[in-house]
Structures are given as C-alpha cells and as structure tokens.
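Structural description and commentary
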Amino acid sequence: MTAFLVVIVIILFGISVWQMSRIFKLAQTKPTLNSEIATDKDNNTHGYLMMGFLAFIYFLTIVSFWLWGDVLLPESGSEHGSKIDTLMLITMILIFFVGIITQGVLHYFAFIYRGNKVKRATFYADNDKLEFIWTIIPVITLAGLIIYGLFTWTDIMNVDKDDDPLIVELYAQQFNWKARYGGNDNTLGDANVRLIQGINQLGVDPADPNGQDDKIVTELHLPVGRKVLFKMRSQDVLHSAYMPHFRAQMNCVPGMVTQFAFTPTVTSEEMRQNDYIVEKVANINNIRSEKSKALTAAREEALEPYEFDYVLICNKICGISHYNMQMKIIVESEEDYKAWLAKQPSLAEQLSNENK
Ligand SMILES: [Cu+2]
C-alpha cells in the first residue's frame, strides 16, 4: 500500500512539473510556437462542441426520466411525509427550471460569441442595474427556500409532549438493528455500552427500575395513527436510521442519543394495496422469476417471491455489511400491535431465563 502511494505521489509530482513547464512556456511574451493560438477553425469546432454537449446533457436528462422516473418512493406512510415531499418537489422544480435555462444560455453564448479573427469583443466594464438584478433574484429565491425549509424542519422536529408519543429506541450496531420498547411505563431504562453483558446486548442498566419491563426486539411494530418518538443510539460507528417510506432519517452517533418522531398513517397491509406498490412488486417479481429460471437451470435454489414491507435501513456506509443492515417495520392496528408486544419477553424475563 505504501509503495502504491509513493508511486502515485511521484506520478502526480511529475504531472505538476510538466503542467508548470507548460504554463511558463505559455506565459512567455513572445510565443515560440503558433500552434498554441486558436485559429477560427479551432474556435468553430469548440463552438459546435459546446452546442453538442448541451444537446447531450438535455438528452441525458430526458433519458434518465424516461428510464428511472418510476423508481421513486410511493406516497408517504407518515403524517409529516407530505410536507417533505412538497418541499422536495418545489425545490426540484426550481432547480430544474433554473438549471435548464442557465445551462442552455451558458452553452449557447459560448457558441454564438466564439472567437473570430474579424470580430472584436466590446469592452463593457460593468452595469449596476444588471448586477443588482442577478444578485437580488437568487437572494430572494434562496432565502425563500431556506426559510420554507427551516419552518418545515422545525415543524417536523418539534415533539409535543402532550401528544404522549410511544417511545421506541433504535439501537444500531455493525451490522444490525434492534428496537427497544419502554414497556408498560413507556419509559426506557438507562443504558450504557459499558453494561453490555451476555443477553443484555443493549447495555440496559439492570439497577434502573424503568428498564425491567423494557422489551428488546428485532422487528419493529408500530401502531397506526399514534405518534412514535424514536431515540437513536449507536454502539460502534456512525450509522443512520433511514425509513424512506416515512420520509424519516436521523444519524445514530456513538456516545449520544438522537431523536426523530413521526406518526405512521398507512398500515403495511394498506400500502401493499397501493397501486404504485402493486405495480412495483409485480415488476420485481417478474425480474425474480426470470432470474429463478436461470438459477433452476443451474440447479440452484429459486428466488422467493417478494412481498412489500416497510424497512429501516442504515444510510451511512458503516462497514463491510452495511448494505444488509436493515430491519422490517410493520405498521398495524393498535390491537394487533398490543397483541404482538404482549408476546415479547421483557428484559427482566430474559435476564432471569439466562440465569436459570
Ligand atoms: Cu450502519
């Protein structure tokens, strides 16, 4: 590795010396070589290349929309999600509108005002009015977007304690997720990595009475229509709890607790009936059955059909198995959720089983 780096450094040093010698050559008052000066033919070629490049980037944009326009997320499964979607839509429309026009003008001007031996450029020092216009318009647009974004963010991040949110801890470690429910008192027991021992993998303090009824699970169940306040922790490195279908993401930072709250509004079952999801799942299963044909031909196991589920995934490249760091989320009715939770053993039960 060191040898490789040394070689890279030598090569880069060589390139910089070569580039510098070129700059010195070009900077000489009397150019020794006329081939460095662009002719009208060169200028024409570059002008047309500019227009060609413009056509290429427009073409690329259209093709990208055509090919991948349908890989977007379905409608949001959470209450605040539509606010994020609107913010995103407005920002994207603005970016696209401005981007398409400025790129067009930039390349067209490079073409139409390309170098010409006969024509001379007008010397035009400055224009206050013009500078005012092109400064004030971006200022107003950007300030508007930023203020709109800030209001949306504050609105989403502000958790009203009167809402009585369900408290759930999301615990990240290389490379899996665990969730901890506060139990009957809806209060999480204190926890610390130093207390991790045996079955107590989240380091919940056994001396804290709040922690005795905590329930640690590997599948996240959420009751529909109730606000959930997630408390994120990480055991090792930076992870990020990303729940795309709910438009939620928060970093999990070792040594501190971060939080994010949202109210799920669409159950897993309802989302499976969503037209967009039905189409998506059918498409995935078509691809899977095609692959299965090849697999069975090679006497390997066929792929199982895919069924839609909400997921919690890690959105920080945290190590070798980062890609597979995920947990299933099930949004269900309050009754189903309660029935499921009742079946999960509490920490006290788990610990006493371990000591038997
Ligand atoms: Cu991770």
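What you are looking at is a predicted structure, and each value in this text was computed from that prediction instead of being measured. (Residues numbered from 1 in each chain as written. Predicted model: local features only at pLDDT ≥ 70, side-chain atom pairs only at ≥ 80, totals over all residues. Heavy atoms only, no water.)

1. What to know about the overall build of the chain
Within the chain, the secondary structure is distributed over eight helices and ten strands. Here the chain has a C-alpha radius of gyration of 29 Å; the compact-globule value for 356 residues is 21 Å, and the former is much larger. Taking the principal axes of its C-alpha atoms as reference, the chain extends roughly 95 × 55 × 55 Å. Within the chain, contacts between residues at least 6 apart in sequence are counted, and of these 71% link residues at least 24 apart. Accessible surface, the chain: about 23,700 Å² in total, of which carbon and sulfur atoms supply 64%. Charged side chains of the chain number 31 positive and 40 negative; the gap between the two group centres comes to 12 Å. (Helix = DSSP H or I, 4+ residues; strand = E, 2+ residues; numbered from the N terminus. Rg over C-alpha atoms; globule rule 2.2 N^0.38 Å. Contact = heavy atoms within 4.5 Å. Areas by Shrake-Rupley, 256 points an atom, 1.4 Å probe, with all protein chains shown as cover. Lys, Arg positive; Asp, Glu negative; His and termini not counted. Charge placed at Lys NZ, Arg CZ, Asp CG, Glu CD.)

2. Quick word on the pattern of salt bridges
Counted under the stated rule, the structure contains twelve salt bridges. The residue D85 makes a salt bridge to R247 at a minimum N-O spacing of 2.6 Å. Of this pair, D85 sits in helix 3 (residues 81–112) while R247 sits in the loop between strand 6 (239–243) and strand 7 (248–252), and the two are 162 residues apart along the sequence. For D85, a relative accessible area of 29% puts it in the partly exposed group. A salt bridge links E334 to K338; the shortest N-O distance between them is 3.6 Å. In this pair, E334 and K338 both sit in helix 7 (residues 334–343), four residues apart, roughly one turn of the helix. Owing to a relative accessible area of 26%, E334 belongs among the partly exposed residues under this scheme. One network of salt bridges, in which partners are shared, links E269, R272, E307, D309 and K328. (Salt bridge = Lys/Arg side-chain N within 4 Å of Asp/Glu carboxyl O. Buried < 20%, exposed > 50% of the residue type's maximum accessible area, 1.4 Å probe, protein only.)

3. Here we look at the environment of V331
With respect to the element layout, V331 can be found in strand 10 (residues 326–332). When the C-alpha atoms of V331 and L220 are compared, they prove to be 8.4 Å apart, with 111 residues separating the residues in sequence. For V331, the contacting residues outside a window of four places in its chain are L222, V224, F246, P264, V266, T267, S268 and Y310.

4. Side note on the sheet that holds strand 6
Spatially, 4-10-9-6-7 is the arrangement adopted by the five strands of the open sheet, whose pairing is mixed. Two strands close off the open sheet at either side, each with one partner strand: strand 4 (220–223) and strand 7. Strand after strand, the sheet turns through a mean of 20° between neighbouring axes, direction not considered. With four bridges joining them, strand 4 and strand 10 adopt parallel strand pairing. Among the inter-strand pairings, H221 is bridged to a residue of strand 10, identified as I330. (Pairing = 2+ DSSP bridges. Axes fitted to C-alpha atoms, helices over the stretch in contact; angles between N-to-C directions.)

5. Considerations on the coordination of the copper ion
Coordination of the copper ion by the protein involves H239 (ND1), C314 (SG), C318 (SG) and M325 (SD), with metal-donor separations of 2.0 to 2.7 Å. Metal-centred angles of 93 to 123° between the four donor atoms at the copper ion mark the site as tetrahedral. Sequence positions of the donors to the copper ion reduce to the motif H-x74-C-x3-C-x6-M. Pair noted here: H239 is in strand 6 and C318 is in the loop between strand 9 (310–314) and strand 10, with a separation of 79 residues, a long-range link. Take H239 and C318: they sit in the same class, and that class is buried. (Donors = N, O, S within 2.8 Å, 3.2 Å for Na, K, Ca; no water. Tetrahedral: all angles 85-135°; square planar, octahedral: opposite > 155°, others 65-115°.)

6. Topic: the packing of helix 3 against helix 4 (residues 128–157)
Relative orientation of the contacting elements helix 3 and helix 4 amounts to 165°, with a least axis distance of 10 Å. With respect to helix 4, the axis of helix 3 lies roughly antiparallel. Like other packed secondary-structure pairs, helix 3 and helix 4 cross with a definite hand, here left-handed. Along its contact with helix 3, which presents K83, I84, T86, L87, I90, T91 and L94, the element helix 4 presents T141, L145, Y148, G149, T152, D155 and I156. A per-class count over the contact of helix 3 with helix 4 returns seven nonpolar, five polar and two charged. (Parallel < 35°, antiparallel > 145°, perpendicular 65-115°, else oblique. Left-handed = near helix turned anticlockwise from the far one by under 90°. Nonpolar A, V, L, I, M, F, W, Y, C, P; charged D, E, K, R; others polar.)

7. Overview of the nonpolar core
In this structure, L170, W177, Y181, L220, F230, M243 and I329 are the most contacted members of the largest nonpolar core, which totals 38 residues. At four residues, the largest contribution of residues to this core is made by strand 1 (residues 166–173). Non-local contacts of F230, meaning those with residues more than four positions away in its chain, are made with V168, L170, L220, L222, M243, T258, Q259, F260 and F262. By size, the runner-up hydrophobic cluster in this structure holds six residues, among which are L202, I216, L347 and L351. (Core = buried A, V, L, I, M, F, W, Y, C linked by side-chain atoms within 4.5 Å.)

8. Some words on the pairing of strand 7
The side chains of a regular strand alternate between the sheet's two faces. Here strand 7 shows a clear split, with A248, M250 and C252 buried on one side and none of Q249 and N251 buried on the other. The pairing of strand 6 with strand 7 spans five bridges and is antiparallel. Looking at the pairing, Y242 lines up with Q249 of strand 7. Linking two consecutive strands that pair antiparallel, namely strand 6 and strand 7, is a turn of four residues; a positive phi of about 55° is found at R247 within it.

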